[in-house]
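# Understanding the architecture of this molecule
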Amino acid sequence: MALNLRQRQTECITRMLNLNQPVNATGMANEEVYKILIYDKFCQNILSPLIHVKDLRKHGVTLYFLIDKDRKPVHDVPAVYFVQPSHSNIQRIIADTSNSLYDSFHLNFSSLIPRPLLEDLASGTLNSDSIHRISKVHDQYLEFVTLEDNLFSLAQKNTYVQLNDPKAGDREIDEIIEKIVGGLFCVLATLAVVPIIRCPRGGPAEMVASALDQRLRDHLLSKNNLFTEGGNFVSSFQRPILCIFDRNFELSVGIQHDFRYRPLVHDILGLKLNRLNVQGDKGGMKSYELDSSDPFWVANGSLEFPEVAVEIETQLNKYKRDVDEVNRRTGGNDGAEFDGTDMIGNTKHLMSAVNSLPELTARKQVIDKHTNIATVLLSEIKERLLDSFAKKEYDMMVRGGIDRSELLGVLRGKGSKMDKLRFSIMYLISSETINQQEVEAVEAALRESEVDTSAFQYVKKIKALNVSLASANSANRSNIVDWAEKLYGQSISAVTAGVKNLLSNDRQLALTRTVEALVEGRPNPEIDSYLVFDPRAPKSSSGIGSSHLKGPFKEAIVFMIGGGNYVEYGSLQELGQRQQPVKHVIYGTTEILTGQEFVEQLAVLGQKMGLGGAPTPPPSTH
């Protein structure tokens, strides 16, 4: 049984919608109860990729509302609440029970409700004499958004800025780490697995791994343990590995342009919660869903864009042939006299034609949808020369640099301000050494295009630190690190690690290469220093020694702190498919970011450090 996060989370939600009664094999409760669903914005985002309106009806949900909207009483009907355990939500629930809005209240919190809030709820409902209306209170451990079977996000915004903000104190950092650990704990509780945890030393990855290890240990000692796979599990090899990284491990992937279908649709058209709004061919906006129910998206998401265009054409031609075939078989227009002898044969053909119509219609809808998406993408690609950006960035990463005239040509050519900014940051990251004059020329070209250079200045500063660290002797190194940590917060962890974030010869991301090594568990200099945590082992023995920590592992969960993207997701899925036997890899992140969104976070950090800033407009020529 491979770990399927989407399936597991959907099962939990189905059970919740059926008042936490057991459901039968078809996913329905044994007796149907009509009910109302109340959620907050965060939980609406959890439900949105998993459950459509027609599914809600199937589970007896007749009405659904956001918790902070004014609502009218509906008598004799139970209400299912699915909300985050926050002070404002608790106050709202107390008000709803006091006003007897519904017959009974089934409260489901997306994560563990803290004791003080539970006490507020109890005293509030007692004081208003409405505590009898509360049927049940459940901690659901569902505080994450699953977008595909193997893709999830904790939907925690701006984590990268918060962790790398030089002004963030220990307490703020601890709070963010605690929040990430809470989200990861929900994912593991939903999958019901206690993994072996691996991470590089230092920085947010180690903080999260260590705190998650402690959280799992504490929980395994409690009576109502969510991980009931029994104690004999320790010696078995079937536990998954959880690999935790921090965005600074490989900064480039968050910034680069990619020319594959799934990353393009996300980066250029802004895919959010599996939904996409694009201009329709007849004007007006069209809204599309792109998820596992769309066979074309599943099959072609990882192809380069030109191959996708060819595939759309192929599917369209096949569809036309099949329609012609149906017309031919039902004798639509062969002009022969009808004498009744072929009645039976004809009826058979008609029946099979009628049966194949729904399938043909569904296929046509999918083809039309992707034709429209591809058309909108194509005009953006031409307008902004996106194929050229993707290719040149890739070449820079492989070669470790770019010819100066070509570099400046790109910055003075077509492309949005953001495209040029991303390209110039990729130039900084991929250059082996920093050529001061060249960098000044890049900055001048960015100013000419009126680009805010804060993000560029921020990466330049980090890069310069990297260079001075590499050349410093050990005494100076620790001084530089102390000084830099005061100035740059957590980003320094990447700098000190000096991670080679350039592509290897076979075009693999550093992340994918490292995960492959961790999953195989063979000795490998790149990962020999990685920490190991086993929440099931006695504290003292958690270390490299135990053989079951080594692997190979059949299943891996890879988690990126500070923002992930569809480029990494695609690369890890390919890794899983490439392995013999096939490995199962789940990818998760604090939030899924487009290149622009990530660069905007770098710009905020640049501004916090007083670097760069808005461009000065060129002097007027009057």
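Residues numbered from 1 in each chain as written. Predicted model: local features only at pLDDT ≥ 70, side-chain atom pairs only at ≥ 80, totals over all residues. Heavy atoms only, no water.

## Describing the pairing of strand β4 (residues 104-109)
A large share of β4 lies buried, amounting to six of its six residues. Neither face of β4 is left uncovered, since the one carrying S104, H106 and N108 and the one carrying F105, L107 and F109 both have all their residues buried. Taken together, the six bridges between strand β3 (residues 78-83) and β4 define a ladder with parallel strand orientation. Residue pairing for β4: V80 is matched across the bridge by H106. With five bridges joining them, β4 and strand β5 (residues 134-139) adopt parallel strand pairing. Bridging from a neighbouring strand, F105 pairs with I134 of β5. Tracing the backbone out of β4, into helix α5 (residues 115-127) and back to the parallel element β5 gives a crossover that is right-handed. (Buried < 20%, exposed > 50% of the residue type's maximum accessible area, 1.4 Å probe, protein only. Helix = DSSP H or I, 4+ residues; strand = E, 2+ residues; numbered from the N terminus. Pairing = 2+ DSSP bridges. Right-handed = clockwise from strand over helix to strand, strands pointing away.)

## Focus on the nonpolar core
In terms of nonpolar packing, the biggest core is built from 76 residues, with I13, F245, Y261, V265, I373, L377 and L511 touching the most fellow members. Per-element accounting of this core gives the leading share, nine residues, to helix α12 (residues 343-384). Look past the residues within four positions of Y261 in its chain and what remains in contact with it is F296, W297, N300, G301, L303, F305, V308, H370, I373 and L377. (Core = buried A, V, L, I, M, F, W, Y, C linked by side-chain atoms within 4.5 Å. Contact = heavy atoms within 4.5 Å.)

## Considerations on the side chain of K463
Within the secondary structure layout, K463 lies in helix α17 (residues 454-471). K463 has contacts with L428, I429, S431 and I434, leaving out every residue within four places of it along the chain.

## Regarding a negative patch on the surface
Negative charge collects at one region of the surface, where D170, E172, D174 and E178 lie side by side. Within the secondary structure, D174 is located in helix α7 (residues 170-191). (Patch = residues over 30% accessible without salt bridge, like charges linked within 9 Å, V, L, I, M, F, W, Y side chains within 5 Å. Areas by Shrake-Rupley, 256 points an atom, 1.4 Å probe, with all protein chains shown as cover. Salt bridge = Lys/Arg side-chain N within 4 Å of Asp/Glu carboxyl O. Lys, Arg positive; Asp, Glu negative; His and termini not counted. Charge placed at Lys NZ, Arg CZ, Asp CG, Glu CD.)

## Observations regarding the sheet that holds β4
Spatial ordering of the open sheet is given by β2-β1-β3-β4-β5, a layout of five strands whose pairing is parallel. Each edge of the open sheet is held by one strand with a lone partner, namely β2 (61-66) and β5. Pairwise comparison of adjacent strand axes, ignoring direction, gives a mean angle of 15 degrees for this sheet. The strands touched by helix α1 (residues 5-17) within the sheet are β1 (35-39), β2, β3 and β4, with β3 carrying the most contacts at an inclination of about 145 degrees. (Axes fitted to C-alpha atoms, helices over the stretch in contact; angles between N-to-C directions.)

## Overview of unusual backbone geometry
For the bond from Q580 to P581, the omega torsion is -10 degrees, close enough to zero to count as cis. Here P581 shows up in the loop between α21 (566-578) and β14 (584-589). In this structure, D129 takes a positive phi of about 55 degrees despite not being glycine. Within the secondary structure, D129 sits in the loop between α5 and β5. Although it is not a glycine, A155 adopts a positive phi angle of roughly 55 degrees. Summarising the element assignment, A155 is placed in the loop between β7 (151-153) and α6 (159-164).

## Quick word on the confidence of the model for the chain
Per-residue pLDDT for the chain has a mean of 86; in total, 85% of the residues score no lower than 70. Mean pLDDT across the secondary structure elements of the chain bottoms out at helix α19 (residues 492-497), with 45, and peaks at β7, with 98. Ignoring residues within four places in sequence, the model shows residues 230-237, a span with pLDDT below 50, making eight contacts including any to other chains. (pLDDT = per-residue confidence, 0-100.)

## Remarks on the packing of helix α14 (residues 404-412) against helix α15 (residues 417-430)
Axis separation between α14 and α15 bottoms out at 9 Å; the angle between their running directions is 160 degrees. The pairing of α14 with α15 is recorded here as roughly antiparallel in orientation. The way α14 lies across α15 gives a crossing that is left-handed. Here α14 contributes L407, V410, L411 and R412 to the contact with α15, which in turn contributes K420, F423, S424 and Y427. (Parallel < 35°, antiparallel > 145°, perpendicular 65-115°, else oblique. Left-handed = near helix turned anticlockwise from the far one by under 90°.)

## Brief notes about the packing of aromatic side chains
By the definition in use, this model includes 15 aromatic pairs. With a centroid separation of 6.5 Å and an interplanar angle of 65 degrees, the aromatic rings of Y81 and Y102 are classed as edge-to-face. Residue Y81 is found in strand β3, and its partner Y102 is found in the loop between α4 (87-98) and β4; the two are separated by 21 residues along the sequence. Following the ring pairs from residue to residue traces out a cluster consisting of Y81, Y102 and F105. (Phe/Tyr/Trp six-rings, centres within 6.5 Å; stacked < 30°, edge-to-face > 60°.)

## Quick word on empty space enclosed by the protein
If you walk through the whole model with that rule in mind, you get three cavities of 30 Å³ or more. Around the largest cavity sit 18 residues that line it, and Q256, P263, D267, R422 and V567 are the ones nearest its centre. Mapped by element, the contributors of at least two residues to the lining of the largest cavity are α9 (261-269) and α21. A per-element tally of the lining of the largest cavity places α9 first, with five residues. In the lining of the largest cavity, the residues fall into eight nonpolar, seven polar and three charged. When residues of the lining of the largest cavity are assigned to domains, at least three map to each of domain 2 (148-250 + 509-607) and domain 3 (265-332 + 348-384). (1 Å grid on protein atoms, 1.4 Å probe; cavity = no way out; pocket = protein on both sides within 12 Å on 5 of 7 lines; lining within 4 Å. Points joined across faces, edges and corners; volume = space filled by probe spheres on them. Nonpolar A, V, L, I, M, F, W, Y, C, P; charged D, E, K, R; others polar. Domains from an automatic or database assignment.)

## Remarks on the packing of α15 against helix α16 (residues 436-448)
Viewed as axis vectors pointing N to C, α15 and α16 meet at an angle of 170 degrees, and their least axial separation amounts to 11 Å. Taken as axis vectors, α15 and α16 run roughly antiparallel relative to one another. Contacts between α15 and α16 pair K420, L421, S424, Y427 and L428 from the former with E438, V439, V442 and L446 from the latter. Classifying every residue of the contact of α15 with α16 gives six nonpolar, one polar and two charged.

## Notes on α9
Because an α-helix completes one turn every 3.6 residues, residues spaced three or four positions apart along the sequence face the same direction. Where burial is concerned, most of α9 is hidden: nine out of the nine residues are buried. For α9, every residue scored as buried is listed here: Y261, R262, P263, L264, V265, H266, D267, I268 and L269. Of the residues trailing α9, G270 is marked for its positive phi of about 75 degrees.

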